[in-house]
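Chains, contacts and geometry: an overview
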Amino acid sequence: MLDNSNFGNVAISIGLLIYDSQLVGHVGLRNKIIEIAEELNIPYDKNILGKLDEAVDRYEDYYETYDKAYFPSKGVRFHGVYTLYTDDMLEYKNMTPFSGLFGSFEGVIPLSNRFSMLPSIHGRILLGRNIPFSKMNIMGGDIMEQYLPYQLPFAGTARVELMRNSLLIGGLKFRQRIGNIHYLTVNTNYALSSNKIRHIFKEETMLGCAVTYGIDSMFGPLEATLNYTNHSDKLGFYINLG
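Residues numbered from 1 in each chain as written. Predicted model: local features only at pLDDT ≥ 70, side-chain atom pairs only at ≥ 80, totals over all residues. Heavy atoms only, no water.

Focus on the packing of aromatic side chains
Two aromatic rings, taken as a pair, are described by how far apart their centres are and by the angle between their planes. Enumeration according to the criterion identifies five aromatic pairs in this entry. A centroid spacing of 5.1 Å and a plane angle of 55 degrees characterise the contact between Phe102 and Tyr150, whose relative ring orientation is tilted. Of this pair, Phe102 sits in strand S4 (residues 98-110) while Tyr150 sits in the loop between strand S6 (138-139) and strand S7 (151-152), placing them 48 residues apart in sequence. When its relative accessible area of 4% is taken as the criterion, Phe102 is described as buried. (Phe/Tyr/Trp six-rings, centres within 6.5 Å; stacked < 30°, edge-to-face > 60°. Helix = DSSP H or I, 4+ residues; strand = E, 2+ residues; numbered from the N terminus. Buried < 20%, exposed > 50% of the residue type's maximum accessible area, 1.4 Å probe, protein only.)

In structure tokens form, the structure reads like this:
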């Protein structure tokens with residue numbers, strides 16, 4: 001029999017993804033019950049928990065319609081997740097459970113065989129009180145979840161920045177292919193952040209932009225980026241090696 005008091009939080013997640021132009025739904029318990037039980041030598045029913053762990057794996061799969069993993073020339077990506085953070089379905093660390101709503105859309109609009117426009121919108125809303133720092137909204141960098149779960153990309157800064165409970169980021173990229181493997185990308189982002197969703201257009205705002213030169217090499221993408229955000233009013237530079 002499983003003793004719930006020995007475990008950390010359980011996150012119940014419902015995900016919606018687009019795969020081969022079809023909307024696919026996943027329901028999963030985002031926990032590591034089996035791994036934790038084995039580490040703590042706690043008896044458990046493999047027949048029951050194995051099904052839960054299998055649902056986790058299906059949820060974590062990443063689907064998209066891009067024609068390439070990096071520097072795509074067509075396709076879209078949509079990801080939506082609802083997560084409930086709780087210890088035992090009733091509490092979270094002796095307090096009321098809280099939840100998170102995450103959504104992300106990215107697409108490629110080819111304007112010619114070399115020039116593309118890439119719109120995007122990302123957002124995450126946390127609902128509840130006493131939310132720990134480890135579950136709060138963060139943004140930074142050009143890649144979704146580059147360093148931490150639910151890290152939202154923001155072109156203006158390469159470092160991770162802690163944001164408020166409601167976070168919405170709109171983006172627009174213009175990408176020019178030069179030759180066969182060279183790319184020049186101009187990226188702009190506008191972020192809105194507030195403690196409550198109804199104040200999303202009234203509280204914190206941030207503008208960011210970046211210019212990136214990239215090479216689609218056999219070792220992965222090689223990129224050099226110059227970026228700016230009005231939050232720090234400073235220029236930044238970073239290199240991505242694959």
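Some words on the pairing of strand S11 (residues 204-217)
For strand S10 (residues 182-194) and S11, the ladder comprises twelve bridges, and the chain directions are antiparallel. Looking across to S11, one finds that Thr188 is bridged to Cys209. In this sheet, strand S12 (residues 220-229) lies alongside S11 in antiparallel orientation, the contact comprising ten bridges. If you follow Ala210 over to S12, its bridge partner there is Asn227. (Pairing = 2+ DSSP bridges.)

With respect to the nonpolar core
Residues Met139, Leu152, Phe154, Leu167, Ile169, Ala191 and Met206 are the most contacted members of the largest nonpolar core, which totals 17 residues. Looking at this core, the elements with two or more residues in it are strand S3 (75-86), S4 and strand S9 (166-178). (Core = buried A, V, L, I, M, F, W, Y, C linked by side-chain atoms within 4.5 Å.)

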